[in-house]
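# Summary of the model geometry
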Amino acid sequence: MTSILGINSSYPFTLPPLPYPYDALEPHIDQETMHLHHDKHFATYIKNLNDALKPYPHLQSLSLEQILCCKRLPLESRVKILENAGGVYNHAIFFSNLAPMSEKVNTPEGELLEAIEGFFGSFEEFKEQFSKSAADVFGSGWTILAADRAGNLSIRNVANQEVLLCEGLEPVILFDVWEHAYYLKYKNVRADYVKNLWEIVRFR
Ligand code: MN
């Protein structure tokens, strides 16, 4: 059983494989960054989440989404559980949210394109607003195109490994703007990384 995007349904969570080869996003994201980001950073969130849940059998049947929105997590482990569950959730979506350019999925179409045009004016205008938002993330975090249940779209930033799930918002796309996502290739120039992500983002 899997819940979101290849994450198995409950404890112990396992690292889903990268859905494309490590060099498939070159030259926009280099394969060394992909190895570190997926095999080390993402894997560490999975391991630390499992470690944090280990002492609590009553939490081990919950899905990742249920853990993230659980109101009664044990106080002494609450932060560790939420930070790592958020890291697992965000990274599972992020890696599935990218695709090699050859797949030609980096532009929205149909209903999603219409919604983006309705809320932001045009796809170009949306990209500009989203990129600006990504530049504004102070420290580590994510920029998200979020949809509510009625289909309203908004651009949101979250810090660290926070999620919007429990506000009833689903990520349509999300960009990881933690330095670990780009520093090897782009150094301090986050704007160039964000610009290049538009080439390899998956909209469908
Ligand atoms: Mn990351």
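In case you missed it, the structure is sitting above this.
Notes on the structure follow. (Residues numbered from 1 in each chain as written. Predicted model: local features only at pLDDT ≥ 70, side-chain atom pairs only at ≥ 80, totals over all residues. Heavy atoms only, no water.)

### Overview of the environment of S131
Locating S131 in the fold gives a position in helix α5 (residues 123–136). According to the relative accessible area criterion, S131 is partly exposed, its value standing at 24%. (Helix = DSSP H or I, 4+ residues; strand = E, 2+ residues; numbered from the N terminus. Buried < 20%, exposed > 50% of the residue type's maximum accessible area, 1.4 Å probe, protein only.)

### Side note on helix α1 (residues 31–53)
The periodicity of an α-helix, 3.6 residues per turn, causes residues three or four positions apart to be oriented the same way. End to end, α1 covers 32 Å across 23 residues, agreeing with the expected 33 Å (1.5 Å per residue, within 8%). A maximum bend of about 30 degrees is found in α1 at H37. Those residues of α1 that fall on the buried side of the exposure criterion are T33, M34, H37, H38, F42, Y45, I46, L49, N50, A52 and L53. Where α1 is buried, its residues touch α2 (64–68), α3 (78–96), β3 (170–176) and α6 (183–186). (Expected span 1.5 Å × (residues − 1). Bend = angle between axes of the 7 residues up to and from the residue. Contact = heavy atoms within 4.5 Å.)

### Description of the pairing of strand β1 (residues 141–147)
Most of β1 sits out of view: seven of its seven residues are buried. Burial of β1 is two-sided: the residues G141, T143, L145 and A147 facing one way and the residues W142, I144 and A146 facing the other way are all buried. Of the strand pairs in this sheet, β1 and strand β2 (residues 153–159) are connected by seven bridges, and their pairing is antiparallel. The residue bridging A146 from the neighbouring strand is S154, located in β2. Here β1 folds back onto β2 in antiparallel fashion, the turn holding five residues, of which G151 has a positive phi close to 90 degrees. (Pairing = 2+ DSSP bridges.)

### Quick look at the packing of α1 against α3
Direction vectors running N to C along α1 and α3 enclose 145 degrees, while the axes themselves pass 8 Å from each other. The handedness of the crossing between α1 and α3 is left-handed. Taking contact as the criterion, the partners of M34, H37, H38, F42, T44, Y45, I46, N48, L49, D51, A52 and L53 in α1 are, on α3, K80, I81, E83, N84, A85, G87, V88, H91, A92, F94 and F95. Grouping the amino acids of the contact of α1 with α3 by side-chain chemistry returns 13 nonpolar, seven polar and three charged. (Axes fitted to C-alpha atoms, helices over the stretch in contact; angles between N-to-C directions. Left-handed = near helix turned anticlockwise from the far one by under 90°. Nonpolar A, V, L, I, M, F, W, Y, C, P; charged D, E, K, R; others polar.)

### Focus on empty space enclosed by the protein
Evaluation of the coordinates by the stated rule reveals one cavity of 30 Å³ or more. When its volume is computed, the largest cavity comes out at roughly 40 Å³. In this structure, the largest cavity is lined by Y89, N90, I144, V163, L164, L165, L169, P171 and L174. For the lining of the largest cavity, the secondary-structure elements that each account for two or more residues are α3 and β3. Grouping the constituent residues of the lining of the largest cavity by class yields eight nonpolar, one polar and no charged. (1 Å grid on protein atoms, 1.4 Å probe; cavity = no way out; pocket = protein on both sides within 12 Å on 5 of 7 lines; lining within 4 Å. Points joined across faces, edges and corners; volume = space filled by probe spheres on them.)

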